[in-house]
Amino acid sequence: MSLSSKHLLGIRDLTPADISIILKTATQFKEVLQRPIKKVPSLRDVTIVNLFFENSTRTRISFELAERRLSADVINFTTSASSVSKGETLLDTVNNILSMKVDMVVMRHSASGAPHFLAQHIPAAIINAGDGINEHPTQALLDSFSISEKIGKLKGTKVAIIGDIMHSRVAQSNIYLLKKMGVEVTVCGPPTLIPKYISQALNVNVSYNLKETLEWCDVANVLRIQLERQNQVLFSSLREYSLAYGINRRMLDSLKKDIVIMHPGPINRGVELDSDVADSRQSIILQQVENGVAVRMAVLYLLSGRNPSDN
Ligand code: CP
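Residues numbered from 1 in each chain as written. Predicted model: local features only at pLDDT ≥ 70, side-chain atom pairs only at ≥ 80, totals over all residues. Heavy atoms only, no water.

**Some remarks on the overall build of the chain**
Regarding its fold elements, the chain presents 12 helices and 9 strands. Taking 19 Å as the expected radius of gyration for a compact globule of 311 residues, we find that the chain reaches 19 Å, a close match to that expectation. By principal-axis analysis of the C-alpha atoms, the chain measures approximately 55 × 45 × 35 Å. The proportion of buried residues among the 311 residues of the chain is 55%. Accessible surface for the chain amounts to roughly 13900 Å². Of this, 51% is attributable to carbon and sulfur atoms. Placing the 35 positive and 30 negative side-chain charges of the chain at their respective mean positions leaves the two points 2 Å apart. (Helix = DSSP H or I, 4+ residues; strand = E, 2+ residues; numbered from the N terminus. Rg over C-alpha atoms; globule rule 2.2 N^0.38 Å. Buried < 20%, exposed > 50% of the residue type's maximum accessible area, 1.4 Å probe, protein only. Areas by Shrake-Rupley, 256 points an atom, 1.4 Å probe, with all protein chains shown as cover. Lys, Arg positive; Asp, Glu negative; His and termini not counted. Charge placed at Lys NZ, Arg CZ, Asp CG, Glu CD.)

As structure tokens, this is what we get:
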């Protein structure tokens, strides 16, 4: 089994067959992670650098754990402790690291397209760990893995993506993936946080009404307001946003069914989700984080070029 692309730059470039292979491989690695000894030799002698030019908790730790579970050699790079602060370019930084015989690069960057730029200039396989407002492909893969695990299927499921759609790479990658796999998608939020032509461009439903959206969906994937990516006022206040689009217990109890609550993290408790929703039995937020390790093991393994006979 192999993927149609050498890199994972975005879900947009993957075929439905690629997505199925990754999700199936992740199921096998999830089984490995339930064993007393969670480590396999699959990527022994493969060296991977984690280049994080932007803050991260979940993605950075999850990639590092996935790499170590696969027995890869791991190098971690953070901007603040590097020569980037002395003016070194992205390309010079990466070429210097690669000259030390690095095989794969995991990169997060605040500039949309940064991993695509690198892919044109370096020979190593690149995995996008989030680029600006463009894509966060492994988040979308772990989200779909978690939906499939909870609901039992992807095709025909109704998924609502709620919140700041405009500035969210998680929303964009999720929409690409869910639509490729036959999922019905509605995006919901204030009109100023939903791109104008998203319905035609990405074939999703648009709703500005939270209650109606929750009544429609099987799964609500709730997003944080990305204040750090907004350079103008797009809603009156966080309090008013929360009153119109925050999900609370009373609202969930008023629905005629139990829906699944997801969130990629970090959560702003009391804004998009109340604590008694985020921590409820309907929430699979921590399962998403757990599944992230197996999904990233699958991506790293499939892009490494290794096959089972190498072990
Ligand atoms: N979901 C996600 O990307 O979280 P981090 O920013 O903590 O990696």
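So that's the structure; there's more coming.
**Let's talk about the nonpolar core**
Counting residues in hydrophobic clusters, the biggest one holds 64 residues, and the most contacted among them are Phe 29, Ile 127, Leu 141, Ile 161 and Leu 300. With 10 residues, the single largest contributor to this core is helix 12 (residues 285–303). Counting contributing residues per domain, this core is built from domain 1 (11–135 + 290–310) and domain 2 (137–288), each supplying no fewer than three. If we skip the residues at most four places from it in the chain, Leu 300 touches Leu 43, Ile 48, Phe 63, Ala 66, Glu 67, Leu 70, Met 104, Val 106 and Ile 127. Counting residues in each nonpolar core, the second largest holds 25 residues, with Ile 162, Leu 234, Tyr 241 and Leu 252 among its members. (Core = buried A, V, L, I, M, F, W, Y, C linked by side-chain atoms within 4.5 Å. Domains from an automatic or database assignment. Contact = heavy atoms within 4.5 Å.)

**Section: the site of the ligand**
Taken together, Ser 56, Thr 57, Arg 58, Thr 59, Arg 108, His 136, Gln 139, Pro 264 and Gly 265 make up the full set of residues near the ligand. In the environment of the ligand, an oxygen atom lies 2.9 Å from a nitrogen or oxygen atom belonging to the side chain of Arg 58. Between an oxygen atom of the ligand and a side-chain N or O atom of His 136, the distance comes to 2.9 Å. Taken by itself the ligand offers 260 Å² of open surface, and the protein chains cover 91% of this. Here the shell around the ligand is composed, by residue class, of 1 nonpolar, 6 polar and 2 charged. Three or more residues apiece are contributed to the shell around the ligand by two domains, here domain 1 (11–135 + 290–310) and domain 2 (137–288). (Near = heavy atom within 4 Å. Polar contact = N/O pair within 3.5 Å; in protein donor to acceptor, adjacent residues only side chain to side chain. Nonpolar A, V, L, I, M, F, W, Y, C, P; charged D, E, K, R; others polar.)

**Description of the sheet that holds strand 6 (residues 184–188)**
In space, the 5 strands of this open sheet follow the order 7-6-5-8-9, with parallel pairing throughout. Single-partner strands in this sheet number two, and they are strand 7 (205–207) and strand 9 (260–262). Going across the sheet, the axis of each strand differs from the next one's by a mean of 20 degrees, ignoring polarity. Strand direction decides the pairing type here: strand 6 and strand 7, joined by 3 bridges, are parallel. Of the residues in strand 7, the one forming a bridge with Val 187 is Val 206. The strands touched by helix 5 (residues 137–151) are strand 5 (158–162), strand 8 (219–222) and strand 9; relative to strand 9, the strand with the most contacts, the crossing angle is about 165 degrees. (Pairing = 2+ DSSP bridges. Axes fitted to C-alpha atoms, helices over the stretch in contact; angles between N-to-C directions.)

**Concerning the packing of aromatic side chains**
In total, this model carries 3 aromatic pairs according to the counting rule given. Between Phe 29 and Tyr 301, the ring centres sit 5.7 Å apart and the planes meet at 80 degrees, which makes this aromatic pair edge-to-face. Of this pair, Phe 29 sits in helix 1 (residues 16–33) while Tyr 301 is found in helix 12, placing the two residues 272 residues apart along the sequence. A relative accessible area of 8% means that Phe 29 is categorised as buried. With a relative accessible area of 12%, Tyr 301 lands in the buried category. Arg 296 extends its terminal NZ or CZ atom over the ring of Phe 63, reaching a point 5.0 Å from the ring centre. (Phe/Tyr/Trp six-rings, centres within 6.5 Å; stacked < 30°, edge-to-face > 60°. Lys NZ or Arg CZ within 6 Å of the ring centre and 35° of its normal.)

**Structural notes on helix 5**
Look at helix 5: 21 Å from first C-alpha to last across 15 residues, which is about the 21 Å you get at 1.5 Å a residue. The buried count for helix 5 comes to 11 of 15 residues, which makes it a mostly enclosed element. Listed as buried for helix 5 are Pro 137, Thr 138, Gln 139, Ala 140, Leu 141, Leu 142, Asp 143, Ser 144, Phe 145, Ser 146 and Ile 147. Phi turns positive one or two residues past the end of helix 5, at Gly 152, with a value near 95 degrees. (Expected span 1.5 Å × (residues − 1).)

**What about the packing of helix 5 against helix 6 (residues 169–180)?**
When two helices pack together, you describe them by how their axes are tilted relative to each other and by the distance separating the axes. Running from N to C, helix 5 and helix 6 point in directions that differ by 55 degrees, and their axes come no closer than 8 Å. Judged on the interaxial angle alone, helix 6 and helix 5 are oblique. Handedness of the crossing formed by helix 5 with helix 6: right-handed. Listed contacts from helix 6 to Pro 137, Gln 139, Ala 140, Leu 141, Asp 143, Ser 144 and Ile 147 of helix 5 are Val 170, Ser 173, Asn 174, Leu 177 and Leu 178. (Parallel < 35°, antiparallel > 145°, perpendicular 65-115°, else oblique. Left-handed = near helix turned anticlockwise from the far one by under 90°.)

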